[in-house]
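# Observations on the three-dimensional arrangement
Listed here are the chains, written in short residue letters.
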Protein chains: 2
Amino acid sequence: MSKAATVYDVADRAGVSIATVSRVLRSPDAVRPVTRERVLDAVSALGYVPSGSARGLAERRTGVLGLYFPGFDAAEEAPALDVLANIAGATPPFTIVQDETDAEGEHPSMLFLDEVLRGAELEAWKQGFVLMVGVGRHDPDRSTVRDMAGRVDGLVVLARSVPDEVLARLALRIPVVVLSGPSRGDSYDHVTVSNAEAMAELTRRVLDQTGDTPPVFLAGPDDSPDGAERWEGFSHAISEAGIRIDEVVVLRGDFTRASGRRAAEQLISDGLPTALMAANDQMALGALDAFRSAGIAVPEDLIVTGFDGIEAAALSRPRLTTVRQPMIELGRAAVQVLARRLERPDADPVAVRLPLEIVVRESSLRPS
Amino acid sequence: MSKAATVYDVADRAGVSIATVSRVLRSPDAVRPVTRERVLDAVSALGYVPSGSARGLAERRTGVLGLYFPGFDAAEEAPALDVLANIAGATPPFTIVQDETDAEGEHPSMLFLDEVLRGAELEAWKQGFVLMVGVGRHDPDRSTVRDMAGRVDGLVVLARSVPDEVLARLALRIPVVVLSGPSRGDSYDHVTVSNAEAMAELTRRVLDQTGDTPPVFLAGPDDSPDGAERWEGFSHAISEAGIRIDEVVVLRGDFTRASGRRAAEQLISDGLPTALMAANDQMALGALDAFRSAGIAVPEDLIVTGFDGIEAAALSRPRLTTVRQPMIELGRAAVQVLARRLERPDADPVAVRLPLEIVVRESSLRPS
DNA sequence: CTGAAAGCGCTAACAA
DNA sequence: TTGTTAGCGCTTTCAG
């Protein structure tokens, strides 16, 4: 790690000019085989690795795509993990935990982002890009995202993770794709899902079973755009069925399992509805927990539905009816749109809307 | 997105030199407030975003850390997803799936990497770095990782994802941390877990219950270093108990749930052992599936254990006894070690070994 | 086929 | 406090 070799070092050693070194690396065929060999020898002898910065500067492109997520809110307080305490031998190689309690799986939205990231990764890989993942800090000026914008060829941004005016500025420099959230008539490319439509359909199906008694809606935090769209779909279907919206009981949670549990407990003491429709799976699962503890049978006593299609929803008892987000596809689509934009910089902005999948499972299937 | 503004543009517009522009951005206090304001105005007026490449070149550091993973083997054949087919309105907003069968959750090692990535992300965020995630292609020359190496300040590499000689060359240019896998006496920093010791302990505990009848071992693919270490721990405990290794039945799987199921089916027809110890959770869960179908009771009829501590292992019935990898901590530790190395480039290489957690659940608790 | 030289956009002495 | 200037390492005409 002394001092990294540069083109000059390689050129010297091979007895050629730096231009030739560059050629050998970029277009090998434009160089006579003997010369090429000499250069390649020098390259490996010196352990030459080209500087991405220099290359990026000269080429005016980096081959890197960026993915920007909002910050780790909860994780911020994660313990400070002191690695140095674990230098080999300093700690026992394992610990033992007896019979721990049922898994909670309380990573609210991170699970979602993990999968989106995986999809993005996959598609970036296919398209020959590397992905740079940035996580928002709570800087007033959003400098992280600006930093990223300076080092990538294009940026995928999670909706509402960046203030509009900052986004507008970034878009001046590189193509930006907005992921999820409402697709407004702006000039960015968008990749979204049809939250409202799917929730409306799910609601219709629940109403088919419950008749005219409206389900209770368990909403998310009121600053969540997804939550808002889901509510919109729900209320649309409700009105459509001729039920007055103000007859509907709406409980508010915060997308965590605990808040679902609390909501269910409240219902248990206030009197059970025919159905509970939650704005996400975590809350629905929490409710399932509470109902089980109280000896209330789902779906016999009431129907429960979720939204998102997280893995735990398929593993619960009863398994949870939900709407599956195409998380991997969202990531892939975003990168694909970005790559396309890079090729045709002035095509019209596109709004890609991926289909959701309504997954009907036992939690909503009332035995007749 | 016309032509991105540069320092020169900003300087012109603000009527100052480029040095002053740079100063305003790097050390604002070194500039008279009025001048600073003028520059900042020009910056926003022009939507100036500094070029990371130029900055990186001049500063000789990028503020980016790299994380390199081996390629998507299976995913390679992932469907080619044609986004353009989904331009808004072109497809139905949702589809409906009735009563799908039990979730498979067949992302072999990706789940592991997801979590490691999340940990790395978290720590990078804390330390003020951005993370660049690269996924290996099957290039003969490993150009992806070399490309990455050229654009980051330090690199975390998953063990065995990069040939030794390539790694050695990269390490000439930037610090490298090797994640997981055996920590040999090389000059890199290592972050690993104690696979063998934990597996040995788990085996002892199983033997406590089964007495001298040796468990069947369900191994992973033979090119997996983790798998090898686990086998090593298992066989160590076996010998220690005075059992001859060649008395042990070893089945080989490929870490997938399906292969676990097949192994279990074979046992069912060949005759049940007292215990089945799998080299990872996926296979153990597959075995659980097969036993359940066959009406065989776990742990009453035989004990089953896994390894890794994936979420599904906590949600199965019976819940699976396993050894939990500190995946998030692995990612965090790797980044932390890297950051530390960046500060003190010539400290001795460290080998961090994180403790595993043996999680005892019902699948291994024989009722007495 | 190869070399010379002009940038790419920014930082950091060094002067003023 | 501000400006001048010399790189940082690489790509890419343009000559030869």
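Residues numbered from 1 in each chain as written. Chains lettered and ligands numbered in written order. Predicted model: local features only at pLDDT ≥ 70, side-chain atom pairs only at ≥ 80, totals over all residues. Heavy atoms only, no water.

## A short note on the domain arrangement of chain A
Short version of the rule: Where a domain begins and ends is set by an automatic assignment or by a domain database.
Examined at the domain level, chain A breaks down into domain 1 (64-77 + 103-193 + 327-355) and domain 2 (195-325 + 358-364). Of note, the centres of domain 1 of chain A and domain 2 of chain A, computed from C-alpha atoms alone, are 29 Å apart.

## A closer look at the sheet that holds strand β7 (residues 216-219) of chain A
Residues and elements named next belong to chain A. Spelled out, the test is: The criterion for strand pairing is that DSSP finds at least two bridges linking the strands in question. Each helix is a run of DSSP H or I of at least 4 residues and each strand a run of E of at least 2, with the numbering of both proceeding from the N terminus. Each axis is a line fitted through C-alpha atoms, taken for helices only over the stretch in contact, and angles between the N-to-C directions span 0 to 180 degrees. Only heavy atoms matter for contacts: two residues are in contact if any of them lie within 4.5 Å across the pair.
Pairing within the open sheet is parallel, and its four strands lie in the order β8-β7-β9-β10. Where the open sheet ends on each side, the last strands, each with one partner, are β8 (250-252) and β10 (303-305). The average undirected angle you get between the axes of adjacent strands in this sheet is 15 degrees. Contacting β7, β9 (275-278) and β10, helix α8 (residues 195-210) crosses the sheet at an angle of about 170 degrees to β9.

## A short note on the environment of B:Arg38
Residue and element names in this part refer to chain B. As a reminder of what qualifies: Only protein chains enter the accessibility calculation, which uses a 1.4 Å probe; a residue whose area is less than 20% of its type maximum is buried, one above 50% is exposed, and one in between is partly exposed.
Counting through the fold element by element, Arg-38 comes out in helix α3 (residues 33-46). Residue class for Arg-38 comes out partly exposed when judged on its relative accessible area of 43%. Not counting chain neighbours up to four residues away, the residues in contact with Arg-38 comprise Ala-14, Gly-15 and Val-16.

## What to know about the nonpolar core
Going by this rule: Here, nonpolar core means buried Ala, Val, Leu, Ile, Met, Phe, Trp, Tyr and Cys residues that are tied together by side-chain atoms lying within 4.5 Å of each other.
With 150 residues, the main nonpolar core has A:Phe291 and B:Phe291 as its most contacted residues. If we skip the residues at most four places from it in the chain, B:Phe291 touches B:Ala264, B:Leu267, B:Ile268, B:Leu272, B:Leu276, B:Ile296, B:Val298, B:Leu302 and B:Val304. Listed in part, the 42 residues of the second largest apolar core include A:Tyr68, B:Ala159, B:Val162 and B:Leu170.

## Focus on the sheet that holds strand β7 (residues 216-219) of chain B
All names here are of chain B. Spatially, β8-β7-β9-β10 is the arrangement adopted by the four strands of the open sheet, whose pairing is parallel. The sheet is open, and its two edges are formed by β8 (250-252) and β10 (303-305), each paired on a single side. Pairwise comparison of adjacent strand axes, ignoring direction, gives a mean angle of 15 degrees for this sheet. Pairing between strand β9 (residues 275-278) and β10: three bridges, direction parallel. For Met-277, the partnering residue across the bridge sits in β10 and is Thr-305.

## Overview of unusual backbone geometry
Residue and element names in this part refer to chain A. Residue Pro-299 is reached from Val-298 by a cis peptide bond, and omega for that bond is 5 degrees. Of note, Arg-60 is a non-glycine position whose phi angle comes to about 65 degrees, a positive value. Accessibility expressed as a relative area gives 71% for Arg-60, which makes it exposed. A positive phi angle, close to 75 degrees, is found at Phe-255, a residue other than glycine. Among the secondary structure elements, Phe-255 is positioned in the loop between β8 and α10 (257-270).

## Notes on the pattern of salt bridges
Put simply, the rule is: Criterion for a salt bridge: a side-chain nitrogen of Lys or Arg within 4 Å of a carboxyl oxygen of Asp or Glu.
Per the counting criterion, the structure on display carries 32 salt bridges over all chains. The partner of B:Arg341 in a salt bridge is B:Asp189, with the nearest N and O atoms 2.8 Å apart. Highlighted residues: B:Arg341 in helix α13 (residues 327-343) and B:Asp189 in strand β6 (residues 189-193), separated in sequence by 152 residues. Classification of B:Arg341 by relative accessible area gives buried; the value is 7%. The salt bridge partner of B:Arg204 is B:Glu240, with a shortest N-O separation of 2.8 Å. Here the residue B:Arg204 occupies a position in helix α8 (residues 195-210), and B:Glu240 occupies one in helix α9 (residues 225-240), the gap between them amounting to 36 residues. Owing to a relative accessible area of 29%, B:Arg204 belongs among the partly exposed residues under this scheme. The exposure class assigned to B:Glu240 is partly exposed, which follows from its relative accessible area of 46%. Counted as one network, the salt bridges with shared partners bring together A:Glu201, A:Arg204, A:Arg205 and A:Glu240.

## Here we look at the pairing of strand β5 (residues 176-179) of chain A
Residue and element names in this part refer to chain A. So the rule is basically this: A right-handed crossover is one whose linking path, passing over the helix from the first strand to the second, runs clockwise when the strands point away from the viewer.
Of the two faces of β5, the one lined by Val-176 and Val-178 and the one lined by Val-177 and Leu-179 are each fully buried. Here strand β4 (residues 154-158) pairs with β5 via four bridges, running parallel. By the bridge assignment, Leu-155 is partnered in β5 with Val-176. For the crossover from β4 across helix α7 (residues 164-173) to β5, the handedness is right-handed.

## Overview of the protein's contact with DNA strand D
Put simply, the test is: In this text, near means that some heavy atom of the residue lies within 4 Å of the molecule or strand in question. Polar contacts here mean pairs of N or O atoms no more than 3.5 Å apart (in protein, one a potential hydrogen donor and the other a potential acceptor; neighbouring residues in sequence count only if both atoms are side-chain atoms). Each residue receives one of three labels: charged for Asp, Glu, Lys and Arg, nonpolar for Ala, Val, Leu, Ile, Met, Phe, Trp, Tyr, Cys and Pro, and polar for the others, Gly being one of them.
In the region of DNA strand D, 27 residues are neighbours, and A:Val7, A:Ser22, A:Tyr48, B:Arg23 and B:Thr35 sit closest. The sugar-phosphate portion of DNA strand D accounts for 57% of its atoms within 4 Å of the protein, the bases making up the rest. One nitrogen or oxygen atom from the side chain of B:Thr20 is found 2.7 Å from a phosphate oxygen belonging to DNA strand D. Separating a phosphate oxygen of DNA strand D from a backbone N or O atom of B:Arg32 is a distance of 2.8 Å. For the surface near DNA strand D, the secondary structure elements donating two or more residues are α1 (7-14), α2 (18-26) and α4 (52-59) of chain A together with α2 (18-26) and α4 (52-59) of chain B. The greatest single-element share of the surface near DNA strand D, amounting to five residues, is contributed by α2(A). In the surface near DNA strand D, the residues fall into 14 nonpolar, six polar and seven charged.

## Thoughts on the protein's contact with DNA strand C
Among the 27 residues in the neighbourhood of DNA strand C, the closest are listed as A:Arg23, A:Thr35, B:Val7, B:Ser22 and B:Tyr48. Each atom of DNA strand C within 4 Å of the protein was classed as base or backbone; sugar and phosphate made up 59%. Residue A:Thr35 places a side-chain N or O atom 2.2 Å away from a phosphate oxygen belonging to DNA strand C. A distance of 3.3 Å separates a base nitrogen of DNA strand C from a polar atom in the backbone of B:Ala54. Among the elements of the structure, α2 and α4 of chain A together with α1 (7-14), α2 and α4 of chain B are those that each provide at least two residues to the surface near DNA strand C.

## What about the side chain of A:Arg169?
Along the chain, the position of A:Arg169 falls in helix α7. When residues no more than four places from it in sequence are discounted, the contact partners of A:Arg169 are A:Arg146, B:Val43, B:Ser44, B:Gly47, B:Tyr48 and B:Val49.

## Some details on the pairing of strand β3 (residues 130-135) of chain A
Residues and elements named next belong to chain A. Counting buried residues in β3 gives six out of six residues, a clear majority hidden from the surface. Here β3 shows no split at all, with Val-130, Met-132 and Gly-134 on one side and Leu-131, Val-133 and Val-135 on the other all buried. Examined bridge by bridge, strand β1 (residues 64-69) and β3 share six bridges and lie parallel to one another. Within β3, the position partnered with Val-64 by the bridge is Val-130.

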